[in-house]
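Breakdown of the fold
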Amino acid sequence: MVFRRRYTGLIDQYRDRLPVHDDTRIISLGEGNTPLVRLNNIPKILGKAIDVYVKYEGLNPTGSFKDRGMTMAVTRAVEEGSKAIICASTGNTSASAAAYAARAGITAFVLIPEGKIALGKLAQAMMHGAVVLQIQGNFDKGMQLVKDIGETTPVTIVNSINPFRLQGQKTAAFEIIEELQAAPDYHCLPVGNAGNITAHWIGYTEYYQHGLVNSRPIMLGYQASGSAPFLRGKMVDHPETVATAIRIGHPQSWDKAWNVQKESQGWFDECTDEEILATQKLLAEQEGIFCEPASASSLAGALRDVKQGKIPEGSKIVCTLTGHGLKDPDIAIKQSQEVITVKAELAEVQQAMTAYLK
Ligand code: F0G
């Protein structure tokens, strides 16, 4: 029998590269170490010789990449004596903050835009016992309120303006490099508040500067057309998209993300809601991977750029799938074929099956 070391989360894994002390009490749920899955069927359908991997961040403990940042942010908040954390969120940050606060035994306050967060995310925040404050305004308004509250109230902000969040999230780049034994040629991400693209660049740069790899990827950030400040070149006051996770018009990491684009010689592009949903479905049906709508924008954009020749054949591409499809069951059901209702009788069930037998 071969014994494997028990995986205990990304802070233990990358302790020497993260801002923790020897005696820091680590608040972890075993986040990180997510699968990098090579796509088999979609490149064939596309008819292009490309090597595409998806980093399935939906398999983190609360179902999104936010857990990477939250383990760091909550660990440090607790170490510094904080008794409460707060965030504005389109859903995933609130789910993650709620879970890690529960684990740490502190209070989480979460501000969410009323009616605009996916059901699974709301269920998570509520279930973990967060104080859920629905605001009659969007994420950007919530973010402003959180910053104001942070100045007057003894709570730690755990949005990605908290630098420990980006430190935790940079570990996704480490994992990718270790697995591929090199940096990919292109790394594609959905962009909302722009923290994650910034964090990945920090991670890639760190391994590059320490001589562990001899290149960094070209970073590509994709936004939903109705919420695309990086494409418009200015903030968007009334963002809209079916991908509620990235329904953000005033990204907090604006300058940092432009810097990533320039340094990596990458680009931003936009995807329509139709493209996002079609790619979410394609991935689910062709590869067996279920991500939430916002996550599919990374692959939607990458596939378009491959088709148009902006990403050359022969490239090694990684697309981050930021959140699990189960977060947003309403959208999934809406865009799928109807279920077939039959009597509970053998002949009826067999009859209903015949059209589908291959
Ligand atoms: N994908 C998903 C599933 C997200 O939840 C988010 C952000 C992003 C992509 C964009 O990442 O903001 O770092 O550019 N969600 C935040 C939240 C805003 O509140 O859950 P980003």
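Residues numbered from 1 in each chain as written. Predicted model: local features only at pLDDT ≥ 70, side-chain atom pairs only at ≥ 80, totals over all residues. Heavy atoms only, no water.

Some remarks on the side chain of Asn92
Position of Asn92 relative to the elements: it lies in helix 4 (residues 92–104). A polar contact is formed between the side chain of Asn92 and the side chain of Lys327, at a distance of 2.8 Å. Apart from residues lying up to four places away in sequence, Asn92 is in contact with Ser64, Lys66, Lys121, Glu292 and Lys327. (Helix = DSSP H or I, 4+ residues; strand = E, 2+ residues; numbered from the N terminus. Polar contact = N/O pair within 3.5 Å; in protein donor to acceptor, adjacent residues only side chain to side chain. Contact = heavy atoms within 4.5 Å.)

Thoughts on the nonpolar core
In this structure, Leu39, Leu283, Leu299, Ile317 and Cys319 are the most contacted members of the largest nonpolar core, which totals 32 residues. Only helix 2 (41–46), strand 2 (51–56), strand 7 (186–190), strand 8 (218–224), strand 9 (267–271), helix 12 (273–287), helix 13 (293–307) and strand 10 (316–321) provide two or more residues apiece to this core. Here this core gets seven residues from one element, more than from any other, and that element is helix 13. Setting aside anything within four residues of it in sequence, one finds Leu39 in contact with Val52, Val54, Leu283, Glu287, Ile289 and Leu299. With 30 residues, the next largest nonpolar core counts Leu18, Ile197, Val213 and Met219 among its residues. (Core = buried A, V, L, I, M, F, W, Y, C linked by side-chain atoms within 4.5 Å. Buried < 20%, exposed > 50% of the residue type's maximum accessible area, 1.4 Å probe, protein only.)

Examining the sheet that holds strand 4 (residues 107–113)
The four strands are arranged 5-4-3-6 in an open sheet whose pairing can be described as parallel. Each end of this open sheet is capped by a strand with a single partner; those strands are strand 5 (131–135) and strand 6 (156–157). (Pairing = 2+ DSSP bridges.)

What to know about the packing of helix 9 (residues 195–209) against helix 11 (residues 254–264)
Two elements in contact, helix 9 and helix 11, have axes separated by 9 Å at closest approach and are oriented at 45°. The pairing of helix 9 with helix 11 is recorded here as oblique in orientation. Note that helix 9 runs across helix 11; the crossing there is left-handed. Across the interface between the two elements, Ile197, Thr198 and Trp201 from helix 9 touch Lys256, Ala257, Val260, Glu263 and Ser264 from helix 11. (Axes fitted to C-alpha atoms, helices over the stretch in contact; angles between N-to-C directions. Parallel < 35°, antiparallel > 145°, perpendicular 65-115°, else oblique. Left-handed = near helix turned anticlockwise from the far one by under 90°.)

Here's the deal with unusual backbone geometry
Although it is not a glycine, Asn33 sits at a positive phi angle of roughly 60°. With respect to the helices and strands, the residue Asn33 is situated in the loop between helix 1 (10–13) and strand 1 (36–38). A positive phi angle, close to 75°, is found at Ala194, a residue other than glycine. You can see Ala194 is positioned in the loop between strand 7 and helix 9. Overall, Ala194 belongs to the buried group, its relative accessible area being 4%.

Topic: the sheet that holds strand 9
Taken in spatial order, the six strands make up an open sheet running 1-2-10-7-8-9, and their pairing is mixed. In this open sheet, the two strands that pair with only one neighbour each are strand 1 and strand 9. On average, each strand axis in the sheet is inclined to that of its neighbour by 25°, with strand direction left out of account. Pairing geometry for strand 2 and strand 10, over six bridges, is parallel.

Section: the packing of aromatic side chains
Applying the stated criterion across every chain yields a total of eight aromatic pairs. Centroid distance Phe230 to Trp254: 4.7 Å. Interplanar angle 25°. Geometry classified as stacked. Here Trp254 lies in helix 11 and Phe230 lies in helix 10 (residues 229–232), a separation of 24 residues in the sequence. Each member of the pair Phe230 and Trp254 is classed as buried. Measuring from ring centre to ring centre gives 5.0 Å for Trp258 and Phe268, while their planes differ by 80°; the resulting arrangement is edge-to-face. With Trp258 in helix 11 and Phe268 in strand 9, the pair connects residues that are ten residues apart, well separated along the chain. Among the residues examined, Phe268 registers a relative accessible area of 10% and is labelled buried. Within the aromatic cluster, the residues linked to one another by ring pairs are Phe230, Trp254, Trp258 and Phe268. The ring of Phe174 is capped by Arg17, whose NZ or CZ atom sits 5.8 Å from the centre of that ring. (Phe/Tyr/Trp six-rings, centres within 6.5 Å; stacked < 30°, edge-to-face > 60°. Lys NZ or Arg CZ within 6 Å of the ring centre and 35° of its normal.)

Concerning the layout of surface pockets
Here the largest pocket is characterised by a volume of approximately 210 Å³. Lining of the largest pocket is provided by Arg4, Arg5, Arg6, Tyr7, Gln13, Tyr14, Asn33, Thr34, Lys55, Glu175, Glu178 and Glu179. Top contributing element to the lining of the largest pocket by residue count: helix 8 (residues 171–180), with three residues. Tallied by class, residues from the lining of the largest pocket come to two nonpolar, three polar and seven charged. Within this model, the second largest pocket holds a volume of roughly 180 Å³. Contributing to the lining of the second largest pocket are 14 residues, with Gly115, Val242, Thr244, Asp328 and Ile331 lying nearest its centre. At three residues, helix 14 (residues 329–334) tops the list of elements feeding residues into the lining of the second largest pocket. Residues belonging to the lining of the second largest pocket are distributed by class as follows: five nonpolar, three polar and six charged. (1 Å grid on protein atoms, 1.4 Å probe; cavity = no way out; pocket = protein on both sides within 12 Å on 5 of 7 lines; lining within 4 Å. Points joined across faces, edges and corners; volume = space filled by probe spheres on them. Nonpolar A, V, L, I, M, F, W, Y, C, P; charged D, E, K, R; others polar.)

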